Amino acid sequence: MNIWEDTNQSYIRAMMEKNTAGENEALKERLTAIDWSILEHIKRRETVNERGVFAPLDAVETGEIEARGEEFRKIGLQAIRDGKVGAVLLAGGQGTRLGLEKPKGTLNIGIDRELYLFEQLIRNLTEVTDEAGVFVPFYIMTSNINHDDTVAFFEEHAYFGYPKEYVRFFVQEMVPACDFEGRVLMESSTEPVMSPNGNGGWFSSMVSAGLLSDIRARGIEWLNVFAVDNCLQRIADPMFIGATIAYGCESGAKVVRKAAPDERVGVLCTEDGRPSIAEYYEMTEEMATARKENGDLKYGFGVILNYLFSEKKLEQIADAKMPIHVVEKKIPYMDADGTFVKPEQPNGYKFETLVLDMVHMMDNCIPYEVVREREFAPIKNLHGVDSLDTARELLKGCGIQL
Ligand code: UTP
């Protein structure tokens with residue numbers, strides 16, 4: 001059955017009643033190209049997070065990192081110099097909480113001067129490449145929505161001094177969005193609302209974009225994946241890479257010590273013996289407050305969306321199906337009268353895979369502790385918690401002139 005024959009799909013059907021024959025032809029062609037099986041995940045949205053048995057996972061803490069720092073740094077720098085490390089910037093999100101019309105990375109975080117988020121990330125990476133004496137291939141994931149603006153921004157700013165031949169963009173896949181009853185929302189008379197499919201699909205999107213041959217040709221063995229919105233992000237950090245290699249692990253995750261038992265961060269632990277991330281809302285009170293003999297929290301380290309993955313392992317799991325999370329969001333749409341509606345409250349579902357689910361596909365993962373004030377300044381909102389305001393304070397605390 002075609003999607004427009006489904007009597008539940010009242011928005012599509014109402015649009016078709018108003019459309020001209022030509023518009024309907026274009027709309028049908030568009031709708032036929034979409035895999036609608038994604039809508040079935042609505043029924044499974046309560047069970048997608050059904051979890052196994054969680055257990056704590058010891059982190060490599062700052063004390064040990066200080067003691068073995070030179071060893072880790074040496075191993076990591078060698079891997080970078082051998083061209084075995086690539087960096088992947090996840091910049092396909094829509095940044096709805098920030099409310100910026102442009103890509104999040106174009107945000108000016110400066111106060112008395114211009115300093116863009118993308119620029120700050122390039123600076124952080126350049127600190128490493130200056131030390132290593134080689135450039136690190138830099139892959140940037142965009143979405144159909146922000147791709148052109150992102151590329152134009154980098155062009156306009158001459159890649160902030162990073163050599164262009166080391167930068168590759170790729171576009172992530174899009175999926176439809178619907179209301180709470182599974183009715184597909186419309187963007188225009190010929191387009192349903194489509195949104196980026198979450199940050200979990202980054203490797204398969206790289207493969208679809210034909211970048212696997214680039215990765216192989218360059219001999220990349222490790223990919224460091226990270227979020228666009230943490231302006232203190234350390235990229236291709238030699239010590240982190242070195243520690244992951246020294247521990248013989250196929251993945252590593254940067255973590256920060258939880259500020260309080262009820263802090264709203266996902267915690268790196270094991271689930272049925274494999275590495276996993278327990279979201280704060282999945283933790284029982286008992287788990288959240290359990291302490292070790294030395295008084296530290298047993299589930300005491302939160303992830304900050306900075307991971308290192310073995311490229312070989314990523315290729316092995318590239319075809320594995322990732323869990324699809326059905327997320328309630330505010331989704332702008334066009335109603336049948338042609339009015340564009342910007343809802344104030346969540347009005348429907350988006351479908352997303354998450355990079356943190358990739359950790360569970362790894363045989364092992366090393367939680368690597370970093371100091372929050374030095375490496376974690378996420379910008380999710382303009383003001384308040386995890387905002388431009390808090391990030392600016394943290395940047396200043398690290399001696400960065402704004
Ligand atoms: P968030 O989950 O914070 O989402 O993304 P977001 O889109 O930036 O912001 P909100 O939730 O709409 O306010 C964490 C990281 O994952 C990337 C984002 O760009 C950010 O770096 N991401 C997210 C993608 O690359 N693609 C996606 O589909 C979603």
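Residues numbered from 1 in each chain as written. Predicted model: local features only at pLDDT ≥ 70, side-chain atom pairs only at ≥ 80, totals over all residues. Heavy atoms only, no water.

A. The overall build of the chain, seen in detail. Helix and strand counts for the chain stand at 14 helices and 19 strands. Here the chain has a C-alpha radius of gyration of 22 Å; the compact-globule value for 402 residues is 21 Å, and the two agree. By principal-axis analysis of the C-alpha atoms, the chain measures approximately 70 × 50 × 45 Å. Across the 402 residues of the chain, 51% fall into the buried class. Sequence-distant contacts, at least 24 apart, represent 77% of the contacts inside the chain between residues at least 6 apart. (Helix = DSSP H or I, 4+ residues; strand = E, 2+ residues; numbered from the N terminus. Rg over C-alpha atoms; globule rule 2.2 N^0.38 Å. Buried < 20%, exposed > 50% of the residue type's maximum accessible area, 1.4 Å probe, protein only. Contact = heavy atoms within 4.5 Å.)

B. Structural view of the nonpolar core. Membership of the largest hydrophobic core comes to 44 residues, with the highest contact counts inside it found for Leu89, Phe118, Phe138, Ile140, Phe154 and Ala236. Take this core: its biggest share by element is 6 residues, from helix H5 (residues 117-132). Beyond its immediate chain neighbours, meaning those up to four positions away, isoleucine 140 contacts Leu89, Ala91, Phe154, Val167, Arg168, Phe169 and Phe170. Membership of the second largest hydrophobic core comes to 34 residues, among which are Val88, Ile215, Val225 and Val255. (Core = buried A, V, L, I, M, F, W, Y, C linked by side-chain atoms within 4.5 Å.)

C. How the structure looks around the pairing of strand E2 (residues 85-90). The element E2 is largely enclosed, with a buried count of 6 among its 6 residues. Side chains Val85, Ala87 and Leu89 project from E2 onto one buried face, and the interleaved Gly86, Val88 and Leu90 project onto a second face that is buried too. Summarising the sheet, E2 and strand E10 (residues 222-227) pair through 6 bridges and their orientation is parallel. Bridging across to E10, valine 85 finds its partner in tryptophan 222. Inspection of the sheet shows E2 paired to strand E3 (residues 138-142) by 4 bridges, in the parallel sense. Of the residues in E3, the one forming a bridge with leucine 89 is isoleucine 140. Assessed by its sense of winding, the connection that carries the chain from E2 through H5 to E3 is right-handed. (Pairing = 2+ DSSP bridges. Right-handed = clockwise from strand over helix to strand, strands pointing away.)

D. How the structure looks around the site of the ligand. Taken together, 20 residues are adjacent to the ligand, and Leu90, Thr96, Arg97, Gln172 and Lys380 come closest. Between glutamine 94 and the ligand, the recorded distance is 2.9 Å, taken from a backbone N or O atom to an oxygen atom. Here glycine 198 contributes a backbone N or O atom positioned 2.9 Å from an oxygen atom of the ligand. Here the ligand loses 89% of its free accessible area of 570 Å² to cover by the protein chains. Class assignment for the residues of the shell around the ligand results in 7 nonpolar, 8 polar and 5 charged. (Near = heavy atom within 4 Å. Polar contact = N/O pair within 3.5 Å; in protein donor to acceptor, adjacent residues only side chain to side chain. Areas by Shrake-Rupley, 256 points an atom, 1.4 Å probe, with all protein chains shown as cover. Nonpolar A, V, L, I, M, F, W, Y, C, P; charged D, E, K, R; others polar.)

E. The arrangement of helix H14 (residues 388-397) in detail. Along H14, the residues that are buried comprise Leu388, Ala391, Arg392 and Leu395. The buried residues of H14 occupy one face: seen down the axis, they fall within an arc of 105°. Of the exposed residues in H14, those oriented more than 90 degrees away from the buried face are Glu393 and Gly397. The inward-facing, buried residues of H14 contact H5. You can read the cap of H14 off the contacts: a side-chain oxygen lies 3.3 Å from the backbone nitrogen of aspartate 389, and it is on serine 387. (Arc of directions from axis to C-beta.)

F. Local environment of unusual backbone geometry. At alanine 158, a position not held by glycine, the phi torsion is positive, near 50°. Overall, alanine 158 belongs to the exposed group, its relative accessible area being 54%. Non-glycine residue aspartate 386 carries a positive phi angle of around 45°. Along the chain, the position of aspartate 386 falls in the loop between helix H13 (372-375) and H14.

G. Broad picture of the sheet that holds strand E18 (residues 348-352). Sheet architecture is open: 3 strands sit in the order E6-E18-E15, paired in antiparallel fashion. Every other strand in the sheet has two partners, leaving strand E6 (178-179) and strand E15 (325-329) as the edge strands with one partner each. Sheet topology places E6 next to E18; 2 bridges connect them, and they run antiparallel. The residue of E18 that forms the bridge with cysteine 178 is tyrosine 349.

H. Region of interest: the packing of helix H4 (residues 69-81) against helix H9 (residues 238-246). It is the contact of H4 with H9, at a shortest axis distance of 6 Å, that shows an interaxial angle of 95°. Overall, the two elements H4 and H9 adopt an arrangement that is roughly perpendicular. Where H4 abuts H9, its residues Gly69, Glu71, Phe72, Arg73, Ile75, Gly76, Leu77, Ala79 and Ile80 lie against Pro238, Met239, Ile241, Gly242, Ala243, Ile245 and Ala246. Residues of the contact of H4 with H9, tallied by class, amount to 11 nonpolar, 3 polar and 2 charged. (Axes fitted to C-alpha atoms, helices over the stretch in contact; angles between N-to-C directions. Parallel < 35°, antiparallel > 145°, perpendicular 65-115°, else oblique.)

I. Summary view of the pattern of salt bridges. One pass over the full model with this rule turns up 31 salt bridges. Lysine 104 is the partner of aspartate 229 in a salt bridge, and the nearest nitrogen-oxygen pair spans 2.8 Å. Of this pair, aspartate 229 sits in the loop between E10 and H9 while lysine 104 sits in the loop between E2 and H5, and the two are 125 residues apart along the sequence. Residue class for lysine 104 comes out buried when judged on its relative accessible area of 14%. Salt bridges here are not isolated pairs; linked through shared partners, they connect Asp58, Glu61, Arg257, Lys292, Asp296 and Glu369. (Salt bridge = Lys/Arg side-chain N within 4 Å of Asp/Glu carboxyl O.)

J. Quick peek at helix H2 (residues 21-32). The terminal C-alpha atoms of H2 lie 16 Å apart, and with 12 residues this matches the ideal 16 Å at 1.5 Å per residue to within 8%. Within the sequence span of H2, burial applies to Asn24, Leu27 and Leu31. Each buried residue of H2 lies within a common arc of 65° when the element is viewed along its axis, so the set occupies one face. The exposed set on the far side of H2, more than 90 degrees from its buried face, consists of Glu25, Glu29 and Thr32. (Expected span 1.5 Å × (residues − 1).)

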